2 protein chains.
Amino acid sequence: MRATRSARETIAPLLGIDIPIIQAPMAGVQGAELAAAVSNAGGLGSLPCAMLTPAALEEELQRLSSLTSKPFNVNFFCHTTPTVSPLQARGWYQCLSGYFEELDIDPPGDSPGVLREPFGNASLAVLERFKPAVVSFHFGLPEAAQLDQLKSWGTKILASATTVDEALWLAERGADAIIAQGLEAGGHRGSFLTEDMTTQTGTVSLVPRVCAALSIPVIAAGGIASAEGVAAAMTLGAAGVQIGTAFLLCPEARTSALHRAALTSEAAQHTALTNVFTGRPARSIVNRLVREVGPMAAAATAFPSAAGPVALLRAAAESHGCDDFTPLWSGQNATGCREVPAADLLRLLASEPQ
Amino acid sequence: MRATRSARETIAPLLGIDIPIIQAPMAGVQGAELAAAVSNAGGLGSLPCAMLTPAALEEELQRLSSLTSKPFNVNFFCHTTPTVSPLQARGWYQCLSGYFEELDIDPPGDSPGVLREPFGNASLAVLERFKPAVVSFHFGLPEAAQLDQLKSWGTKILASATTVDEALWLAERGADAIIAQGLEAGGHRGSFLTEDMTTQTGTVSLVPRVCAALSIPVIAAGGIASAEGVAAAMTLGAAGVQIGTAFLLCPEARTSALHRAALTSEAAQHTALTNVFTGRPARSIVNRLVREVGPMAAAATAFPSAAGPVALLRAAAESHGCDDFTPLWSGQNATGCREVPAADLLRLLASEPQ
């Protein structure tokens with residue numbers, strides 16, 4: 001790989017991998033298969049666990065361990081589950097009531113539960129049986145004692161920062177490397193010290209600023225989708241890159257047919273940060289719900305509860321082959337999506353730029 | 001310079017320069033001195049003309065021509081001057097009335113005129129006497145006949161695009177190269193086919209997408225502030241770069257003391273796209289007006305008229321050494337600002353990445 005940093009300066013030795021490319025954890029669209037394929041090919045595959053119960057986590061980790069003997073990354077969210085008042089919940093339903101009518105489904109009396117498990121002792125207990133090489137966190141870090149336990153196994157800790165302040169916060173609390181998540185990135189913004197989205201900067205600005213502020217390695221994320229993008233990020237000072245969107249068409253991903261179709265259509269040219277799918281800003285291709293209710297809806301209840309009513313609309317619409325209410329996660333640069341095995345895509349991303 | 005493209009593939013020969021770095025035109029903060037210094041050092045200096053009357057344009061071009069015999073760029077805006085109703089003008093004053101009271105100044109009865117000259121035949125007549133090597137446009141392009149006349153002199157035409165659609169539009173109408181302005185860039189967004197700011201993407205995403213869509217050269221702009229940034233942009237496929245913010249501390253720039261102080265303070269870490277200074281989204285360091293009224297104020301009248309009342313507040317506040325109402329233009333990456341002669345900065349930017 002052509003880069004200003006020499007190979008020994010990349011993140012690869014720290015993580016025990018050959019290629020300093022991390023497949024970004026993407027909850028809801030991938031599991032053990034994609035992670036194993038990337039890890040087996042020499043990169044770092046990631047298992048997204050935000051939507052897994054402890055039992056499902058155990059099952060998925062067992063599958064992943066059976067598919068690869070290489071290091072992999074297990075990813076968790078560190079949000080606080082909020083209390084949503086009945087008034088707020090009603091307000092969000094009200095905002096969506098026209099869609100319930102149109103799809104001819106009844107809004108439930110109660111807010112349906114939404115599974116977005118923050119990291120906790122139950123997850124930790126499962127992890128203890130697997131002692132993964134790498135664990136990464138979004139929305140901050142778990143408690144110090146939990147972090148200490150993870151580290152006692154030799155597990156390396158990665159965490160996402162969207163500002164220099166967040167990077168410093170994470171480094172002070174023991175992260176081994178920082179994922180600098182540029183504004184271009186798909187899915188949830190990892191921001192946790194601010195809700196002001198004007199603080200979020202593009203990758204080309206964030207990476208050098210975080211590199212200048214920290215002495216630990218920085219992993220660039222957001223908008224990187226080609227060998228040229230990887231080399232450019234390394235030139236900016238990154239010790240590795242994290243890439244998500246480009247892997248969404250790989251056969252090992254569980255990306256739905258509707259989502260795959262959107263990613264390969266003109267629609268993928270226009271994404272937005274939106275809170276309509278979960279209550280927290282996340283980058284999705286702009287579809288009907290984003291256009292009509294978002295991108296940022298004041299009525300959307302706090303993460304993750306906003307996803308409750310949307311899940312009902314989504315299920316009804318998807319049964320008719322309609323993606324109006326589907327979170328079509330994508331970064332701003334979907335040009336790297338390839339319908340090829342993840343190992344082939346990884347090799348392409350790690351190749352000499354043209 | 002280390003870059004994937006070989007030297008002959010850069011924008012340099014097309015523009016008759018040695019170093020494929022364009023100093024971004026920055027109206028209000030620089031004139032002939034900065035442009036000449038960059039051109040004399042082998043890059044392409046730019047003269048921003050949006051705030052110049054034809055007489056002032058002539059004077060500034062004469063000064064620039066006396067300071068350099070190298071190619072330079074003359075930059076214009078191509079906006080349509082809007083009609084602002086008395087009701088809209090009153091609404092904007094109303095929104096700012098507390099500040100007029102606080103500063104103890106009278107709002108004028110009429111909306112004060114704001115000088116932001118769109119390109120027209122008067123400018124063309126002045127240019128004919130100088131036949132500059134390069135003319136660049138923001139907010140689109142002038143009429144075809146005007147463009148033809150410029151080109152008949154051998155003048156090369158550059159124009160800013162913030163989306164792939166805009167790049168295609170400009171290329172079809174005869175631009176010789178496209179400035180792909182990533183979301184990180186300071187000052188006015190060049191967008192002209194959309195007002196939807198969710199369409200604006202980061203440099204690391206925009207540059208490869210525009211390169212893939214066009215056969216003419218692409219110049220990367222936004223967040224580039226170091227030799228590493230320049231090399232990264234070239235690796236992404238750019239044939240050159242345009243850099244503004246980094247030059248703002250050079251002695252040849254006319255950047256005010258207040259603006260210089262902001263750029264070297266903690267405040268520069270937080271910029272936002274705001275319409276409060278001119279009515280059109282532009283990136284500034286977040287100061288009091290942006291924080292309290294913006295960043296995007298529905299009441300701000302159309303570009304450039306919103307600047308009228310703000311200019312009065314600004315003048316009063318600045319006379320007390322206060323930057324509350326000063327447009328503190330800056331990109332998202334002010335880390336490249338150096339208080340050194342522009343020639344030294346250009347050499348630094350063009351050097352081998354560390």
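Residues numbered from 1 in each chain as written. Chains lettered and ligands numbered in written order. Predicted model: local features only at pLDDT ≥ 70, side-chain atom pairs only at ≥ 80, totals over all residues.

Engineer: For the overall build of chain A, give the residues involved together with the corresponding values.
Structural biologist: Counting secondary structure elements, chain A contains 13 helices and 11 strands. For 354 residues, the compact-globule formula gives about 20 Å, and the C-alpha radius of gyration of chain A, at 19 Å, lands near that figure. Along the longest, intermediate and shortest principal axes, the C-alpha atoms of chain A span 60 × 45 × 40 Å. Within chain A, the proportion of its 354 residues that are buried is 58%. A fraction of 68% describes how many contacts in chain A between residues 6 or more apart in sequence connect residues 24 or more apart. (Helix = DSSP H or I, 4+ residues; strand = E, 2+ residues; numbered from the N terminus. Rg over C-alpha atoms; globule rule 2.2 N^0.38 Å. Buried ≥ 20, exposed ≤ 12 C-beta atoms within 10 Å, placed from the backbone. Contact = placed C-beta atoms within 7 Å.)

Engineer: Can you tell me about the relation of the copies chain A and chain B, naming the residues and giving the values?
Structural biologist: Mapping chain A onto chain B calls for a rotation angle of 180° and an axial translation of 0.0 Å; the resulting RMSD is 0.0 Å. Overall, the copies show the geometry of a two-fold rotation axis. Looking at the rotation axis and the C-alpha trace of chain A, the residue lying nearest is Ala232 of chain A, at 2.1 Å. The share of interface residues of chain A whose copies in chain B are also at the interface is 100%, consistent with both copies meeting through the same surface. (Least-squares fit on C-alpha atoms with pLDDT ≥ 70 in both.)

Engineer: Could you give an account of the pairing of strand 2 (residues 45–48) of chain A, naming the residues involved and the relevant values?
Structural biologist: All names here are of chain A. Burial along strand 2 is two-sided: the face carrying Gly45 and Leu47 and the face carrying Ser46 and Pro48 are both buried. Here strand 2 pairs with strand 3 (residues 72–77) via four bridges, running parallel. Counted as the bridge partner of Gly45 is Phe72 from strand 3. Once you follow strand 2 into helix 3 (residues 54–67) and on to strand 3, the crossover reads as right-handed. (Pairing = 2+ DSSP bridges. Right-handed = clockwise from strand over helix to strand, strands pointing away.)

Engineer: Residue-level account of the sheet that holds strand 3 of chain A, with values.
Structural biologist: Residues and elements named next belong to chain A. With parallel pairing, the eight strands of this open sheet are ordered in space as 1-9-8-6-5-4-3-2. Either end of the sheet is taken by a strand with one partner, and the two such strands are strand 1 (21–23) and strand 2. Strand-to-strand twist across the sheet, computed as the mean angle between neighbouring axes with direction ignored, equals 25°. Bridge count between strand 3 and strand 4 (residues 134–138): five bridges; the pairing is parallel. Bridge pairing in strand 4 links Phe77 to His138. (Axes fitted to C-alpha atoms, helices over the stretch in contact; angles between N-to-C directions.)

Engineer: How would you sum up the interface of chain A and chain B? Please name residues and give values.
Structural biologist: At the interface, 35 residues of chain A touch 35 residues of chain B. Residue assignment for the side of chain A that touches chain B shows that the elements contributing at least two residues are helix 8 (203–213) and helix 9 (227–235) of chain A. The dominant element in the side of chain A that touches chain B, judged by the number of residues it contributes, is helix 8 of chain A, at six residues. Of the residues contributing to the side of chain A that touches chain B, the split by class is 13 nonpolar, 19 polar and three charged. (Nonpolar A, V, L, I, M, F, W, Y, C, P; charged D, E, K, R; others polar.)

Engineer: A description of the packing of helix 2 (residues 32–40) of chain B against helix 3 (residues 54–67) of chain B should follow, citing residues and the corresponding values.
Structural biologist: All names here are of chain B. Close contact between helix 2 and helix 3 brings their axes to 9 Å; oriented N to C, the two are set at 30°. Taken together, the axes of helix 2 and helix 3 are roughly parallel relative to one another. Considering how the two elements wind past one another, helix 2 and helix 3 form a crossing that is right-handed. Of helix 3, the residues touching helix 2 (which contributes Ala32, Ala35 and Ala36) are Glu60, Arg63, Leu64 and Leu67. Partitioned by chemical class, the residues of the contact of helix 2 with helix 3 number five nonpolar, no polar and two charged. (Parallel < 35°, antiparallel > 145°, perpendicular 65-115°, else oblique. Left-handed = near helix turned anticlockwise from the far one by under 90°.)

Engineer: Explain the domain arrangement of chain A to me, and be specific about the residues and the numbers.
Structural biologist: Residues and elements named next belong to chain A. Its domain assignment divides chain A into domain 1 (1–81 + 116–248) and domain 2 (85–112 + 265–336). Each of domain 1 and domain 2 was reduced to a C-alpha centroid, and the two centroids are 26 Å apart. Contacts between the two partners involve 18 residues from domain 1 and, on the opposite side, 15 residues from domain 2. Partitioning the side of domain 1 that touches domain 2 into residue classes produces six nonpolar, nine polar and three charged. (Domains from an automatic or database assignment.)

Engineer: Describe the sheet that holds strand 10 (residues 271–274) of chain B, with residues and values.
Structural biologist: Strand pairing in a sheet relies on backbone hydrogen bonds. The paired strands run either parallel or antiparallel. Read across the open sheet, the three strands follow the order 7-11-10 (chain B); overall the sheet is antiparallel. The outermost strands of the open sheet, each flanked by one partner alone, are strand 7 (187–188) and strand 10 of chain B.

Engineer: Now, about the environment of Ala268 of chain B: what can you tell me, with residues and values included?
Structural biologist: All names here are of chain B. Positionally, Ala268 belongs in the loop between helix 10 (257–263) and strand 10. The exposure class assigned to Ala268 is buried, which follows from the 21 C-beta atoms found within 10 Å. Taking C-alpha positions, Ala268 is 25 Å from Phe303, a pair spaced 35 residues apart along the chain.

Engineer: Would you mind going over the nonpolar core in detail, with residue names and values included?
Structural biologist: With 231 residues, the main nonpolar core has Ile178, Ala180, Val218 and Ile219 of chain A together with Ile178, Ala180 and Ile219 of chain B as its most contacted residues. Not counting residues up to four positions away in its chain, the partners in contact with Val218 of chain A are Ala177, Ile178, Ala180, Val207, Val210, Cys211, Gly237, Ala238 and Ala239 of chain A. (Core = buried A, V, L, I, M, F, W, Y, C linked by C-beta atoms within 7 Å.)

Engineer: Mind laying out unusual backbone geometry, listing which residues take part and the relevant values?
Structural biologist: All names here are of chain B. For the bond from Gly294 to Pro295, the omega torsion is 5°, close enough to zero to count as cis. Mapping Pro295 onto the fold places it in the loop between helix 11 (288–293) and helix 12 (307–318). The amide bond that connects Phe303 to the next residue, Pro304, takes the cis arrangement and shows omega of 0°. Take Pro304: it is sitting in the loop between helix 11 and helix 12.

Engineer: Would you mind going over helix 4 (residues 86–102) of chain A in detail, with residue names and values included?
Structural biologist: All names here are of chain A. When the terminal C-alpha atoms of helix 4 are compared, their 24 Å separation across 17 residues agrees well with the 24 Å that a helix rising 1.5 Å per residue should span. When the local axis directions of helix 4 are compared, the greatest deviation, roughly 55°, occurs at Leu96. Looking at helix 4, one finds that the buried residues are Trp92, Leu96 and Tyr99. Contact partners of the buried residues in helix 4: helix 12 (307–318). In the segment just after helix 4, Asp104 is the residue with positive phi, at about 60°. (Expected span 1.5 Å × (residues − 1). Bend = angle between axes of the 7 residues up to and from the residue.)

Engineer: Describe the environment of Val29 of chain A, naming the residues involved and giving the relevant values.
Structural biologist: Mapped onto the elements of the fold, Val29 of chain A is located in the loop between strand 1 and helix 2 (32–40). Val29 of chain A sits in the buried class, given 20 other C-beta atoms within 10 Å.

Engineer: Please set out helix 3 of chain A residue by residue, giving values where relevant.
Structural biologist: Residues and elements named next belong to chain A. Taking 1.5 Å per residue, 14 residues should reach 20 Å; helix 3 reaches 20 Å between its end C-alpha atoms and fits that length. Turning to helix 3, its buried residues are Leu57, Leu61 and Leu64. Along the long axis of helix 3, the arc covered by the buried residues comes to 60°, so they all point the same way. Turned more than 90 degrees from where helix 3 packs its buried face, Ala55 and Ser66 sit exposed. Among the structural elements, helix 2, strand 2, strand 3 and helix 5 (121–128) are those in contact with the buried residues of helix 3. (Arc of directions from axis to C-beta.)

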